[in-house]
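This is what each chain is made of:
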Amino acid sequence: VGNGQKSSTKLAANPSGVKDSEEAVVDINPFDFDKESLRQTFVQKPNSTASFFLTYYKILSKKKSTNANSELGNNLLNTFIDAMSPQDHASRDANVVLSGSLENFPLKQILDILVQGKDTDLGKRAIEGYIWLSCRRKYEKKNSGHSVFDEPNGPVLLASPNFPLTSMCDKIGWDNLEALLVEAMEMLCKYQNTSIRPFALLEKVEPTASSGSESAQSRIFFRLAKVAYEKRFTADPVATALDFVEYNRCVYRRSCRASVKLINAFVDAMSPSDSSSRRVPWKEISLRFPLEEILATILVDGKHKELGKRVLEGYVWLSSQKYSIGSSKPRGPELLAGTLDGVCNKIGWNLLGDVLVESVEKLCEFDNTHYASQLMERIARLSSCGEASQCTLVRVRLAKLTSKKMLNIDRFRSTPVSTAKLFLTQYKQLEKDSSNKQFCSELLNSFVDIMSPLDIKNRKVPNSQITQAFPLKDILGLLVDGGHMQLGKRVLEGYVWLSSQQVPCYVSGGPTLLDTADASLVSMCEALGWNELENVLVESVEMLCKYRSTEKAVLLVDKISAASEGHRLRICSKMAKIACDKMIEELRGTRQYRSAQRLPLYKKLLWLVGNYCPTIAPKFVTLAKNLDVDAILYPLLTDVALRSSSSVEAMKNTLSELTTHCAQILSSRVSSDSSIVSAWTITNAHLYQFTEFGDFLQNQCKQTFDWRVRKSDHRGFEADLRRLINAQEIRCMSYQPGYSGAYHFKITKLKTCRVALSALSCSCSDRPYLYDSKIRLEPTDCLRHSSQTKHQNDKAKLDAIKAYLPADSSLKRKAVDALGGDDDDDVVLTGVAGVAETVAKRVKAAEDAGEVIEIL
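Reading guide: rules and limits
- Residues numbered from 1 in each chain as written.
- Predicted model: local features only at pLDDT ≥ 70, side-chain atom pairs only at ≥ 80, totals over all residues.
- Heavy atoms only, no water.
- Buried < 20%, exposed > 50% of the residue type's maximum accessible area, 1.4 Å probe, protein only.
- Helix = DSSP H or I, 4+ residues; strand = E, 2+ residues; numbered from the N terminus.
- Pairing = 2+ DSSP bridges.
- Core = buried A, V, L, I, M, F, W, Y, C linked by side-chain atoms within 4.5 Å.
- Contact = heavy atoms within 4.5 Å.
- Axes fitted to C-alpha atoms, helices over the stretch in contact; angles between N-to-C directions.
- Parallel < 35°, antiparallel > 145°, perpendicular 65-115°, else oblique.
- Left-handed = near helix turned anticlockwise from the far one by under 90°.
- Nonpolar A, V, L, I, M, F, W, Y, C, P; charged D, E, K, R; others polar.
- Phe/Tyr/Trp six-rings, centres within 6.5 Å; stacked < 30°, edge-to-face > 60°.
- Lys NZ or Arg CZ within 6 Å of the ring centre and 35° of its normal.
- Disulfide = S-S within 2.5 Å.

A.B. asks: How should I be thinking about the pairing of strand β9 (residues 775-778) in this particular structure?
C.D. replies: Here is the key point about a regular strand: its side chains alternate between the two faces of the sheet. Going residue by residue along β9, you find Ile 775 and Leu 777 tucked away on one face and Arg 776 and Glu 778 left uncovered on the opposite face. Inspection of the sheet shows strand β5 (residues 704-708) paired to β9 by 4 bridges, in the antiparallel sense. Looking at β9, one finds that Asp 706 is bridged to Arg 776.

Rendered as structure tokens:
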């Protein structure tokens, strides 16, 4: 490289060709550089040009310090900065395309040189030029060899961890760089709106605890935070809010003043003081929006109440807008229902009154009544904490608003349960103030008109089922306590009709909640007269029986019936006959009617049949005689409370007949030979003694064998037992308990026979089956012991039941010789049979033959 303008131009056009040696630059004079050519070269190849500048300046700095060399260095700095950041902004080409990326641009090294020389103005211009260059498009070669145009990244180097931005700002001056830093933040938000780099720049200028609240650094931090949150909140409000909560938690630990600046910046972005400055974000405010965390962050130590209010105002507005990305229809401030705990008392009811009212209005406007109801219920449960009057005023305003907006026929048809609950909540809130008496009366009549129109032609089938959650008891109690008996009658009629309608996708069960409101029903009947409510009461029992809720019908009649006379007795008798007749019919057709769990039902049935509908007593007696003596019949007949209420002659006769029947069965058991038992039998069980089930099949004490074993073996077990299955001596089943987990293989014996204890095939004591936890046998007791215990229990029960027999009656005892015990060992019964069933057949034959004796 030689002297002269021509060689200098070539140097500027190809700066990367300069070698890092003094010989290469000894004759180069910066005054001879073609500045325009150097600027164009810098724009096209900024990284190479900057490297040349650093190399050249490094060599010049090694020379002897003279005025001439200093002048050369200063001229070089000015020439390079003029190329990087022209003072004439108009000379910048807005359409320029960079060659390569600026990610490796040596900005730090350039600024170090400028700061060391105390050229703060040139340092500012270098940063300004870098920001401008970072926002230009790039022409870059990819690994595939193709060159493509890439969008700019913005001034990412300023936000990089290795760049000492704070020290540079301290040296150049925060005031000098304020506008540039704001511009850098705007460009980062523009080109990096989905990354964390805008907030990385914010973290770099975060003031320390020692920084004054009015310092330039604090002022710049607030401006950058405001720009970052405004730009990013518009792009993605949920992600921005989550970042704010997390970042502010860290800032608060380091500096409370910086945290306050950050909070103000975020609130200004979310809810500008000037409502005309509000902007709809690109994405919707979803249920992931951290509203509760934001309020907890802002309201720490009970401060910033006004900011908390602005956050709620902003959220209500944002959640009510239509977004370009997300759901097409706004849903309103749904999150408020879950974030009000403690917020109202911290901010103050006087500040939040308008916000809460607007929230409910928006939820109602967008038909989001479910969340509106939740919000109202939450507000009703909140305490006032010293602001009782303000709290009451807000609740009254909300109650009146929701009563007008949400209590209508359309909402009741859509969600009858929540509408009824909302009515109760609002009415109880309003009736506390006597000034709302007229409004409460109108509200009450309005709800009754919705639920049960005066003109039955206006009744409409609801779209949702009247479930068990419907507050019928509370509504009737409210009307009865207020003396609104006629309205209570209409509510009752409306409920019976509504609960009896067939709703798509639901199975109606009839008015199943009436038994829970028995006290209110009786009060209304006593006030209006039983005749007035006769039709609706009888209809309710008919609907319960129609939709197979007969047990509920029996329970209802049992609760409202009482030893009385007149119309109440007549109506209760009419209802009892319908309910009991249907209940007996259903019990006959179900296998569970002998279950011990049915005992409370049989007690109610016996009491109702005996006292109110004696005409169907024979049906009940027939049913009761087939019940299990030990599980149901004996406990039923020895119930002290039931017998103490048997003052009616029909009740006494029913009890007497059933007591005699029970005593006969117990007497037959006691008189039978206790050494003969009913055992489970398998024909030729000894042929299976070498199989896995040999012990069980030969053991006559056990009925079921349940084995937890892998499913692949089940088919083989069934093949081994095929002959017994075909002969209907056993039943096999492969199943999973609870439809999950390990598979079980279960065998059930189906036939019994009468066997003497001395001939009983039993291996319960010799070969215990409980050694394997995978096998379960039932019954668990051995017949040798259980039969003796049962015989003793039968004696005790017979002695107890004799005390209830009429004094002038005699109990027939079946003659032992009439039983014809010569073929007991050959009796084989299909199904599960016991001693009582066998004796019952013998007793019938003995009675027909007249072979009976009297027990004294």
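The structure having been displayed, the exposition proceeds.
A.B. asks: Got a minute to help me understand the nonpolar core in this structure?
C.D. replies: Where a protein is soluble and globular, its nonpolar side chains tend to be buried together. Counting 216 residues, the largest nonpolar core has Phe 105, Tyr 130, Tyr 229, Phe 289, Phe 470, Tyr 602 and Phe 620 as the members making the most contacts within it. Among the elements that line this core, the one with the most residues is helix α10 (residues 174-191), at 10 residues. Sequence-distant contacts of Phe 289, that is, excluding residues within four places in its chain, are made with Phe 233, Pro 237, Val 238, Ala 241, Met 270, Ile 294, Tyr 315 and Leu 335. Judged by nonpolar contacts, the second largest core, of 18 residues, contains Leu 697, Val 709, Phe 717 and Phe 745.

A.B. asks: Quick question: what am I supposed to make of the sheet that holds strand β7 (residues 744-749) here?
C.D. replies: Adjacent strands of a sheet pair through backbone hydrogen bonds, lying either parallel or antiparallel. The 4 strands are arranged β6-β7-β5-β9 in an open sheet whose pairing can be described as antiparallel. Only two strands of the sheet have a single neighbouring strand rather than two, namely β6 (730-735) and β9. Strand-to-strand twist in this sheet, taken as the mean axis angle between neighbours without regard to direction, amounts to 10°. Summarising the sheet, β6 and β7 pair through 6 bridges and their orientation is antiparallel. Residue pairing in the sheet places Met 733 in a bridge with Lys 746 of β7.

A.B. asks: I tried to follow the packing of helix α5 (residues 67-84) against helix α7 (residues 120-134) on my own but got confused; where do I start?
C.D. replies: Between two packed helices, what matters for the description is the angle formed by their axes and the separation of those axes. Between α5 and α7, the shortest axis-to-axis distance is 9 Å and the interhelical angle comes to 30°. Comparing their axes, α7 and α5 come out roughly parallel. Crossing hand, α5 versus α7: left-handed. Taken together, the residues of α7 that come into contact with α5 (itself represented by Leu 77, Asn 78, Ile 81, Asp 82 and Met 84) are Leu 122, Arg 125, Ala 126, Gly 129 and Tyr 130. Along the lines of polarity and charge, the residues of the contact of α5 with α7 split into 6 nonpolar, 2 polar and 2 charged.

A.B. asks: Is there a simple way to explain the packing of aromatic side chains in this structure?
C.D. replies: Each aromatic ring pair is summarised here by two numbers: the centre-to-centre distance and the angle between the ring planes. Going through the model one piece at a time under the given rule, you end up with 22 aromatic pairs. Ring centres of Phe 233 and Phe 266 lie 6.0 Å apart, and the angle between their planes is 80°; this geometry places the pair in the edge-to-face category. Here Phe 233, found in helix α12 (residues 216-235), pairs with Phe 266, found in helix α14 (residues 256-270); they are 33 residues apart in sequence, far enough to count as distant. Pair check on accessibility: Phe 233 and Phe 266 agree, each one buried. Residues Phe 423 and Phe 447 carry aromatic rings whose centres are separated by 4.1 Å and whose planes lie at 0° to one another, so their mutual orientation is stacked. Of this pair, Phe 423 sits in helix α22 (residues 416-430) while Phe 447 is found in helix α23 (residues 437-451), placing the two residues 24 residues apart along the sequence. In this structure an aromatic cluster arises from ring pairing among Phe 693, Phe 696, Phe 705, Trp 707, Phe 717 and Phe 745. If you follow Lys 749 out to its NZ or CZ, it ends over the ring of Phe 696, 4.5 Å from the centre.

A.B. asks: What's the story with the pairing of β5 in this structure? I'm lost.
C.D. replies: Summarising burial for β5: 4 of the 5 residues are buried, a large majority. The pairing of β5 with β7 spans 5 bridges and is classified as antiparallel. Bridging from a neighbouring strand, Thr 704 pairs with Thr 748 of β7.

A.B. asks: Teacher, can you tell me more about the state of the cysteines here?
C.D. replies: Such a bond, covalent and formed between the sulfur atoms of two cysteines, is termed a disulfide. According to the stated counting rule, one finds 0 disulfides in the structure shown. In this structure Cys 525 is not part of a disulfide, and its nearest cysteine sulfur, from Cys 572, lies 8.4 Å away. The exposure class assigned to Cys 525 is buried, which follows from its relative accessible area of 1%. In this structure Cys 545 is a free cysteine whose sulfur lies 9.1 Å from that of Cys 580, the closest cysteine sulfur available. Judged by its relative accessible area of 7%, Cys 545 falls in the buried class.

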